[in-house]
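Structural characterization, general
Here are the chains, one letter per residue:
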Amino acid sequence: MVSVRTLLEKPWIWSFVGALVVWLATIAFTGGYGAGGMVTAALSLAVFTVIVGIGQMFVITLGPGNVDLSLPANIGLASAVAMKVMGGNDAMIVVGLLAALACGAAIGAINYLLIWALRIPPIIATLSASFIIQSVDISYGRGLQIKPPPGFADFANWQALGIPVLAMLTVIFTVGAALALQRMIYGRSVLAIGQNIRAAWLAGVDVGRIRFLTYTLCGALGGIDGALLAGYFRGANVDIGNEYLLASIAVVVIGGTSVAGGKANVPGVWGAGLFLVLLLTMLNTFGVSAGVRLVLTGLIIVGVITAAGGEKAVR
Amino acid sequence: MTAIAPGTLPKSAPRGSAARARLLRGLLPALSLALVLIAIAWLNPRAISYFGFNLMLNLAIPIALATIAQMFVIAGNELDLSIGTFVGFVGCVTATWLRDAPLLGILVLLGSIGVYALLGALIYLRNLPSIVVTLGMSFVWQGLAILVLPKPGGKAPDWLLAIVSFKPPYIPFPILAALLIAAVVHFGLMRTSYGAILRGSGGNAAALRRAGWSLLRTKIVLFALTGLFGVLSGLALIGITTSADANIGNGYTLLSIAGVILGGGEFVGGRVSPIGAVIGALTLALAASPLLTFMHIPPDWQVAANGAILIIVLAARVLISRRER
């Protein structure tokens, strides 16, 4: 029984093991130099992947074909909206954050509207939506180089005892997400839909409402992520979210969430987020060229997923 | 004879209307292409000419080939998120090694098709999600492309330039090429018995396995075909652009998926259409820039217009599918 349990837990343990191995390899290379700083940097960068990763995780858990490809465009637009609303003024920080949240949530709601009303596969719906959002962002954020208010930039970069405060807050948030997933009706409904949408419907789950909430939640998380990114990097731009398309999907799957839906894992998202950031740091430390770095990143992603393995076929 | 007639008649009537809806659904990709063409003709009549089509559809051929590549994996219920960077990698190899050291270039390209076949085997044997494996591979191809060609440049081999600049009489080359691609793939996938098996691996894998077919083999063949058409797409692209860049194909991943769906394909169930996919790719290529330029849509909003066209076509398809039921 115990061995079965460890087997079940395997997928997400892998991501933490991977992160640890990569970290050890790097400090072995540097001779112990910068070990702590590396963790701090990894934590503060992983935060952004984890936030969108959690949103993407809920969406992917809804079942095969569910994925939000509009996150990069969403992050870009929300970062512009947040910076514009804040207007460099410390007093407007909360309003700006709320505006980014609302912007992201609206995008998520529109995504689901397209999926529901036009019965388009989510991949294509969120893709089409992302084209439109991207244009809105280009047109709205044209030449926009508004700096975040100093207070907000400081907050996004704030560290206490070598640990980024944003990372602490995100840990609290992910604990909440884990509770929502495993202990709340909402999360259980998401899992039920992912396992068998028809069975969930027959069991009385309001499938439409849960899916709507999930896409909206994912959009809102993308929005807040955009605002935080603009604060951390001290400025918004159209391309700020580009890398989070692949990253958000990668952390979910490396973290042990099933792409087939119905099986989600919150801690794994953290492990995978740290793993990806540390991997990049390691390859940078080794001083490899951009090409080699990309090749190794890709091979390691494929290697990890191969080692973790897919789940056995149901039939 | 008369006794059978009343029995068959009421049955055949709804079947007839379902067939009509199915036909309409099958024609939808062609209808959307016609619509885009009519719009272009109305906005700029001079564009509808031998020269105009050559110009407007130039880039449609690599897109069509990439879309066909994507269609093969989709036929097996998988998705290839690396096709764009793969096309870029092939492009970089084409513009460098294939010109300077043809033998090495050919070996590398054949090897990359082999890598695709191996990926198919890996995905099947370890039961891995293809989205993640190809996501990882997209980094690998991009990295390799940068290693092969760190800076934009290189030059297409002369024989490739000669093929692409071929000017057949009356019918513009891109249209001829599109017809050829559609016909060949349609015959291979829709009209041969192994083509039916390949599609069946996406439609009902369990049934195929029980009938004694190797699912490992179908997966390998589908992925190898994706690699093959990815290579063709890269070759065509470099023939047209004459030089390469590591990022040259990045947009193709999403374009190819959109093209397959626009052409009537579905993500699951092995329901794909090679002719539809080629038409979908042409529609996207035409709608992407010529139409929007003629409509005087500012560059800022061109991407949005692309998204809107996708949504409109898919919405039309849903309306028709609803009648099919």
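Residues numbered from 1 in each chain as written. Chains lettered and ligands numbered in written order. Predicted model: local features only at pLDDT ≥ 70, side-chain atom pairs only at ≥ 80, totals over all residues.

1. What about the overall build of chain A?
We count it as follows: Going along the chain from the N terminus, every DSSP run of H or I of four or more residues is numbered as a helix, and every run of E of two or more is numbered as a strand. Here exposure depends only on C-beta density: within 10 Å of a residue's C-beta, 20 or more other C-beta atoms make it buried, 12 or fewer make it exposed, and intermediate numbers make it partly exposed, the C-beta atoms being placed from the backbone. Here, residue contact means that the backbone-derived C-beta atoms of the two residues sit within 7 Å.
If you tally the helices and strands in chain A, you get 13 helices and two strands. If you line up chain A on its principal axes, its C-alpha atoms span 50 × 45 × 35 Å. Burial status across chain A gives 55% buried among its 315 residues. A separation of at least 24 residues holds for 79% of the contacts in chain A among residues at least 6 apart in sequence.

2. Looking at the overall build of chain B
The test is simple: Using C-alpha atoms as the atom set, the radius of gyration is obtained and then compared with a globule rule of 2.2 Å times the number of residues to the power 0.38.
Each helix and strand in chain B was counted, giving 16 helices and zero strands. The C-alpha radius of gyration computed for chain B amounts to 21 Å, which stays within 12% of the reference 20 Å derived for 325 residues, consistent with globular compactness. Summarising its shape, the C-alpha atoms of chain B cover approximately 75 × 55 × 40 Å along the three principal directions. Counting the 325 residues in chain B, one finds 50% classified as buried. Sequence-distant contacts in chain B: of pairs separated by 6 or more residues, those separated by 24 or more amount to 79%.

3. As for unusual backbone geometry
In most cases, non-glycine residues show a negative phi, while peptide bonds are predominantly trans. Residues and elements named next belong to chain B. Positive phi, normally seen in glycine, also occurs at Asn77, with a value near 65°. Position of Asn77 among the secondary structure elements: in the loop between α3 (60-75) and α4 (83-95). One non-glycine residue, Asn127, lies in positive phi territory at about 55°. Among the secondary structure elements, Asn127 is positioned in the loop between α6 (102-125) and α7 (130-148). Taking the C-beta count within 10 Å as the criterion, Asn127 has 13 such neighbours and is therefore assigned partly exposed.

4. What to know about the packing of helix α5 (residues 122-140) of chain A against helix α13 (residues 252-262) of chain B
As a reminder of what qualifies: In this analysis, axes come from line fits to C-alpha atoms, helices being fitted only over the stretch in contact, and the angle between any two N-to-C directions falls in the range 0 to 180 degrees. Oblique is the label for any angle not covered by the other classes, which are roughly parallel (under 35 degrees), roughly antiparallel (over 145) and roughly perpendicular (65 to 115). Left-handed describes a crossing whose near helix is turned anticlockwise from the far helix by less than a right angle; the clockwise case is right-handed. Residue classes follow a fixed rule: Ala, Val, Leu, Ile, Met, Phe, Trp, Tyr, Cys and Pro count as nonpolar, while Asp, Glu, Lys and Arg count as charged, and any other residue, Gly among them, counts as polar.
Remark: α5(A) packs on α13(B), axes separated minimally by 11 Å, with the N-to-C direction vectors making an angle of 125°. Relative to α13(B), the element α5(A) is oriented oblique. The two elements α5(A) and α13(B) cross, and the hand of that crossing is left-handed. Facing α5(A), whose interface residues are Ile123(A), Ile124(A) and Leu127(A), α13(B) presents Leu254(B), Ile257(B), Ala258(B) and Ile261(B). Split by residue class, the contact of α5(A) with α13(B) holds seven nonpolar, no polar and no charged.

5. Concerning the environment of Leu122(B)
Topologically, Leu122(B) is positioned in helix α6. Put simply, Leu122(B) and Ile38(B) are 84 residues apart on the chain and 46 Å apart in space, counted from C-alpha to C-alpha. In contact with Leu122(B), not counting residues within four places along its chain, are Thr306(A), Leu128(B) and Val133(B).

6. Regarding the interface of chain B and chain A
Contacts between chain B and chain A engage 37 residues on the former and 41 residues on the latter. If you list the elements that add at least two residues to the side of chain B that touches chain A, you get α7, α13 and α16 (299-324) of chain B. The leading source of residues in the side of chain B that touches chain A is α7(B), at 14 residues. Looking at the side of chain B that touches chain A residue by residue, the class counts come to 28 nonpolar, seven polar and two charged.

7. Some remarks on the nonpolar core
Spelled out, the test is: In plain words, the nonpolar core is the set of buried Ala, Val, Leu, Ile, Met, Phe, Trp, Tyr and Cys residues that C-beta atoms within 7 Å link up.
Within the largest apolar cluster, 213 residues are counted, with the highest numbers of intra-cluster contacts made by Ala82(A), Ala250(A), Ala64(B), Val278(B) and Leu282(B). For this core, the element with the most residues is helix α2 (residues 35-61) of chain A, which contributes 15 residues. Beyond its immediate stretch of four places on either side in the chain, Leu282(B) contacts Leu33(B), Leu57(B), Ala60(B), Ala64(B) and Ala178(B).

8. Digging into helix α10 (residues 207-232) of chain A
All names here are of chain A. Rules: Expected span of a helix, by definition, is 1.5 Å for each gap between consecutive residues, and there is one gap fewer than residues.
Under the 1.5 Å per step criterion, the end-to-end length of α10 is 37 Å for 26 residues, consistent within 8% with the ideal 38 Å. Summarising burial for α10: 21 of the 26 residues are buried, a large majority. At the exit of α10 stands Arg234, carrying a positive phi of roughly 55°.

9. A word on the packing of α3(B) against helix α9 (residues 173-190) of chain B
Residues and elements named next belong to chain B. Viewed as axis vectors pointing N to C, α3 and α9 meet at an angle of 10°, and their least axial separation amounts to 10 Å. Between α3 and α9, the interaxial angle falls into the category roughly parallel. Where α3 crosses over α9, the handedness of that crossing is right-handed. Packed against α3, whose contacting residues are Ala60, Ile61, Ala64, Leu65 and Ile68, the element α9 presents Pro174, Ala177, Ala178, Ile181 and Val185 at the interface. When the residues that make up the contact of α3 with α9 are grouped by side-chain class, the tally is 10 nonpolar, no polar and no charged.

10. Re the confidence of the model for chain A
The following threshold applies: For every residue, the predictor assigns a confidence score, pLDDT, that lies between 0 and 100.
Confidence in the prediction for chain A averages 84 pLDDT; 93% of positions are at 70 or higher. Ranking the elements of chain A by mean pLDDT puts helix α1 (residues 2-30) of chain A last with 74 and α10(A) first with 92.

11. Focus on the environment of Ala60(B)
All names here are of chain B. Along the chain, Ala60 falls in helix α3. Look at Ala60 and you get buried, because 26 C-beta atoms sit within 10 Å. In this structure the C-alpha to C-alpha distance between Ala60 and Gly276, which are 216 residues apart in sequence, comes to 14 Å. Apart from the residues within four sequence positions on either side, Ala60 is in contact with Pro174, Ala178, Ala281, Leu282 and Ala285.

12. A short note on the environment of Thr253(B)
With respect to the secondary-structure elements, Thr253(B) resides in helix α13. On a C-alpha basis, the gap between Thr253(B) and Arg25(B) in space is 25 Å, while along the polypeptide they are 228 residues apart.

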